[in-house]
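Now for the letters of each chain:
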Amino acid sequence: MQSRLTRAKNYLKKPKVIILLILLLASFLWFWFCLPGRLFNSPTSYVIDDEHGQLLGASIANDGQWHFPYDADVPDKFKQCIMAFEDKRFEHHIGVDVLALARAIRQNLRSKHVISGGSTITMQVIRLATKHKRTFWNKLSEIFMALRLEITLSKQEILALYASNAPFGTNVIGLDAASWRYFGRSPDKLSWGEMAAMAVLPNSPSLVHPGKNRLILARKRNELLDRLYKSHVIDSTTARLAKLEPVPDQPMALPNLAPHLLQRFKDDHQKNPQVLTRITTSIKSTLQQQVNRILERHHEVLKDNDINNIAAVVLDVETGAALAYTGNISHREDPEMESDVDVVNAPRSPGSTLKPLLYASILHDGLILPNSLIPDIPTQIAGYHPENFDLGYDGAVPASKALARSLNVPAVKMLQQFKYERFYDFLQKVGITTLKQPADHYGLSLILGGGENTLWELSGAYADMARVLNHYNKTAKYNTADYHSPVYAYQPAKESHPEKNGLLDAGSIYYTLQAMEEVMRPGEEMVWQQFSSTQRIAWKTGTSYGFRDGWAIGITPRYVVGVWVGNTDGEGRPGLTGINTAAPILFEIFRLLPVSHEWFPMPMGEMVKIKVCHESGFRAGEFCDKTDDMWVPRTCLKAPVCPWHQLVHLDATGKWQVTGDCQAPSAMITKNWFVLPPSMEYYYKTKNYQYHVLPPFRPDCALTEKTNPMEVIYPKEGAKVYVPLEIDGTRGRMICNAAHRQPGMKIFWHLDEKYIGETTDFHQMALNPAVGEHRLTLVDANGNTVHVDFEILDK
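Report follows, based on the coordinates. Each residue is numbered by its place in its chain's sequence as written, counting from 1. The model is predicted, so local features are restricted to residues of pLDDT at least 70 and side-chain atom pairs to those at 80 or more, both for listing and for counting; the totals for chains, interfaces and linings are taken over all residues. Hydrogen atoms and water are omitted, and side-chain values are computed over all heavy atoms in the structure.

## A few points about the side chain of Lys540
Line of reasoning, step 1. Here a helix means four or more residues in a row that DSSP labels H or I, a strand means two or more in a row labelled E, and each is numbered from the N terminus. Take Lys540: it is sitting in strand β12 (residues 538-543).
Line of reasoning, step 2. Three labels apply to residues, based on accessible area from a 1.4 Å probe with only protein chains included: buried if under 20% of the type maximum, exposed if over 50%, partly exposed otherwise in between. Charged residues are defined here as Lys and Arg on the positive side and Asp and Glu on the negative side; His and the ends of the chain fall outside this count. A pair is scored as a salt bridge if a Lys or Arg side-chain nitrogen falls within 4 Å of a carboxyl oxygen belonging to Asp or Glu. Here Lys540 sits buried without a salt bridge, and the closest side chain of opposite charge, Asp390, lies 13 Å off (N-O distance).
Line of reasoning, step 3. Here a polar contact means two N or O atoms within 3.5 Å. Within protein one must be a hydrogen donor candidate and the other an acceptor candidate, and residues neighboring in sequence count only if both atoms are side-chain atoms. Only 2.7 Å separates the side chain of Lys540 from the side chain of Ser406, close enough to count as a polar contact.
Line of reasoning, step 4. Should any heavy atoms of two residues lie within 4.5 Å, those residues are considered in contact. With sequence-adjacent residues up to four places away left out, Lys540 is seen in contact with Ser352, Thr353, Lys355, Pro356, Leu403, Ser406, Tyr462, Met516, Trp551, Ala552 and Ile553.

Take a look at the structure:
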């Protein structure tokens, strides 16, 4: 035994043996590592599919080829056809078919030139990957690499590689791209005749050159159909009918249902490269086509007013996934339309669309109740002078009505109370990323479209509110995962992090949606409520400064629809408002969606019942006579009590206020009175007939009045005013306004201590002050005085 081991060791030490072992090891290492880490590195087309895997659109690859990414699913028809045509023993050999090679060698020797290669499908995959020329040594290399590939991959995977990378004529690579280019549908929907034509193309891809070789292609296809019949793959009837089908001619245009989403996917992929350039989106193909048609139909009307662009998105509330994504109308033939711009993801001035988020925030903070009166009077804050769309004022308006009517001045008043810095932070927390400047850059104008937002993020923020309310009503808890950006492909649910308190409480969201539901629908007034088939929708419109952008976003418990209308170049047009242009599209899209009569239930776990002043909408104070029992968000318990009811003493006639100095207490009538400040009262009483002006003090008691019955409406203290120049170059006039509680009272106006005039009842005065600082002084007939300091700017 020992001698045998010794002889073996000596034998292995021989130089020839050592060289042979090294060669064997090197050969084995070459064989094992002969395949590259990735067989195919050619660029592929960007492809988007709908939720069911049907093609929505595709772009040509960077190398000019229509080449869809690898697809592991190979239709059985193609498998049967390609095996019958190329490699009938594919499922049984180990990568090399010895019988086929022998036959090829015999045929080539007889004809004295190459007429058959004897390559298996596996070997063809290697040749497609390496792009080897047909030489003996390359063929030998392909054999070994094919053997190695069979060790690594299954037969199905090898067939999928072949189907995804074989040439199919012109600039088409892969079965998937070929079936769409030549037949206009996916491979799994091809007939036997169509699939047989596909199977013969990789062997002779030039046969589909438009207008040429169609007879040769038909003959080869028919020969393959005969083979399939003889192999009992198909019956005679199927074979006969398949031969009657036409062969491919001119390549077809691919579906182009969501071109802007395709470009967005392409941009996102380039920022965060993934392995595949194909994605199954959450888009519903039928809905997408319907939305496209609606936008095109409205575009035909709007373009007569030179309004060229429309965008719309439909989101699923539960997942935040896009069900339809139309970034613009599609008119590439007309460059002036700029229809390539994806407006869904383009920052634009949002107009009033942020107001619901502010309303929910201020309720959540407990600063007001849902119907608290908010001042609606001429306002100037640090040089900022907001105005309502109709240029009118109500004096005071319930917060919910201010939201429903989209009044600008009350919105600015609420933001001033909430603080624009806090609102700026809140917007960032709900996923708004387009506010690139610090909060001070936007100031109070943030609520009226002073910043920029995208339709994508705004619709997502609205969906967040609906999702929070839905989930709270199911679980009585909040979840940080409920706030997330929209997506265009379904993603795994984020890890749940239940919380006791949310970014917005469910009660505040509920009242926000209630107020949004009260907005009057275009062309319907309130008649829509009489039809049981009509969907309940909470919605909001927005119009940017200069009539450049029209917005409409609507919410139901299941869906959010967002619409934008305007011009991508920012040109404003008369009548370009959210209510006139975007809202009709919004409701037409909602009519495409399943009608659900379920609405957001009141989140009772977050509500408390309190007494609310009927007139002011604040928590009832001691002087509020008429109160309502109302369910309000729990956070509203810290809201202030009614500030505008006070106890007043009247004489026996009820026409005069009196005091103990001029009237015996026993002869007084004591009443609780709803009293607004003079500037609010001035406008409020014209819109609210039930409002009763506080009686004046009886002449013998007038001097005891503690509050000033007079107030300057404009300008406000510290205002900086620019008075524009007239056509003739002279400085224009500044219109000043004041209010007095007592009807018929005279007011004497003074500018810089100089008398300039008097007014009665309608207190308005046109002034022409020079550039610089000034003091306006008003004195009424009773001697009440008010001063306002302001500055006139040169430019």
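## A closer look at helix α17 (residues 420-429)
Line of reasoning, step 1. Buried residues of α17: Tyr420, Phe423, Tyr424, Phe426 and Leu427, and no others. Down the axis of α17, the buried side of the element spans an arc of 160°, and every buried residue falls inside it.
Line of reasoning, step 2. Directly beyond the C-terminal end of α17, a positive phi value near 100° is found at Gly431. For this quantity, the arc is that covered by the directions from the helix axis to the C-beta atoms.

## Quick word on the pattern of salt bridges
Line of reasoning, step 1. On inspection of all chains with the given rule, the structure shows 28 salt bridges.
Line of reasoning, step 2. One salt bridge connects Asp226 with Lys243, and the closest N-O pair in it is separated by 2.5 Å. Of the two residues, Asp226 is situated in helix α10 (residues 214-230) and Lys243 in helix α11 (residues 236-243); the sequence distance between them amounts to 17 residues.
Line of reasoning, step 3. On the basis of relative accessibility, which here comes to 29%, the residue Asp226 falls in the partly exposed class.
Line of reasoning, step 4. Between Glu588 and Arg297 there is a salt bridge, with the nearest N and O atoms lying 1.9 Å from each other. Here Glu588 is found in helix α21 (residues 578-590), whereas its partner Arg297 is found in helix α13 (residues 285-302), with 291 residues between them in sequence.
Line of reasoning, step 5. On the accessibility criterion, Glu588 (17% relative accessible area) is buried.
Line of reasoning, step 6. Where salt bridges share partners, they join Asp49, Asp176 and Arg278 into one cluster.

## Thoughts on the sheet that holds strand β23 (residues 754-760)
Line of reasoning, step 1. Whether two strands pair depends on DSSP finding at least two bridges between them. Judged by pairing direction, the sheet is mixed, and its five strands sit side by side in the order β20-β26-β25-β22-β23 without closing on themselves. Sheet topology places β20 (719-722) and β23 at the edges, where each strand pairs with a single neighbour. Taking each pair of neighbouring strands and ignoring which way they run, the sheet shows an average axis angle of 30°.
Line of reasoning, step 2. Where strand β22 (residues 746-751) lies against β23, six bridges are found, and the strand directions are antiparallel. Counted as the bridge partner of His750 is Tyr755 from β23. To get an axis, fit a line to the C-alpha atoms, keeping to the stretch in contact for a helix; angles then go from 0 to 180 degrees between the N-to-C directions.

## Some words on the state of the cysteines
Line of reasoning, step 1. Disulfides are defined as cysteine sulfur pairs within 2.5 Å. Within the structure shown, the criterion is met by one disulfide.
Line of reasoning, step 2. A sulfur-sulfur separation of 1.4 Å characterises the disulfide bridge that pairs Cys662 with Cys701. As the torsion about the S-S bond is roughly 115°, the Cys662-Cys701 disulfide counts as right-handed. Separated by 39 residues along the polypeptide, Cys662 in the loop between β17 (645-650) and β18 (669-674) and Cys701 in the loop between α22 (678-687) and β19 (710-714) bring together distant segments of the chain. Each member of the pair, Cys662 as well as Cys701, is classed as buried.
Line of reasoning, step 3. With no disulfide of its own, Cys624 lies closest to Cys613 among cysteine sulfurs, the gap being 3.4 Å.

## Observations regarding the packing of aromatic side chains
Line of reasoning, step 1. Aromatic rings from Phe, Tyr and Trp, taking only the six-membered ring of Trp, are treated as a pair when their centres fall within 6.5 Å; an angle between ring planes under 30 degrees marks them as stacked, one over 60 as edge-to-face, and anything in between as tilted. This model, assessed by the stated rule, comprises 15 aromatic pairs.
Line of reasoning, step 2. Ring geometry for Tyr472 and Tyr478: centres 5.0 Å apart, planes at 25°, overall stacked. Take Tyr472 and Tyr478: they sit in the same class, and that class is buried.
Line of reasoning, step 3. Here Trp599 and Phe600 contribute two aromatic rings whose centre-to-centre distance is 5.0 Å and whose plane-to-plane angle is 70°, an arrangement assigned as edge-to-face. We note that Trp599, like Phe600, is buried.

Everything listed here is a matter of geometry and, on its own, says nothing about what the molecule does.
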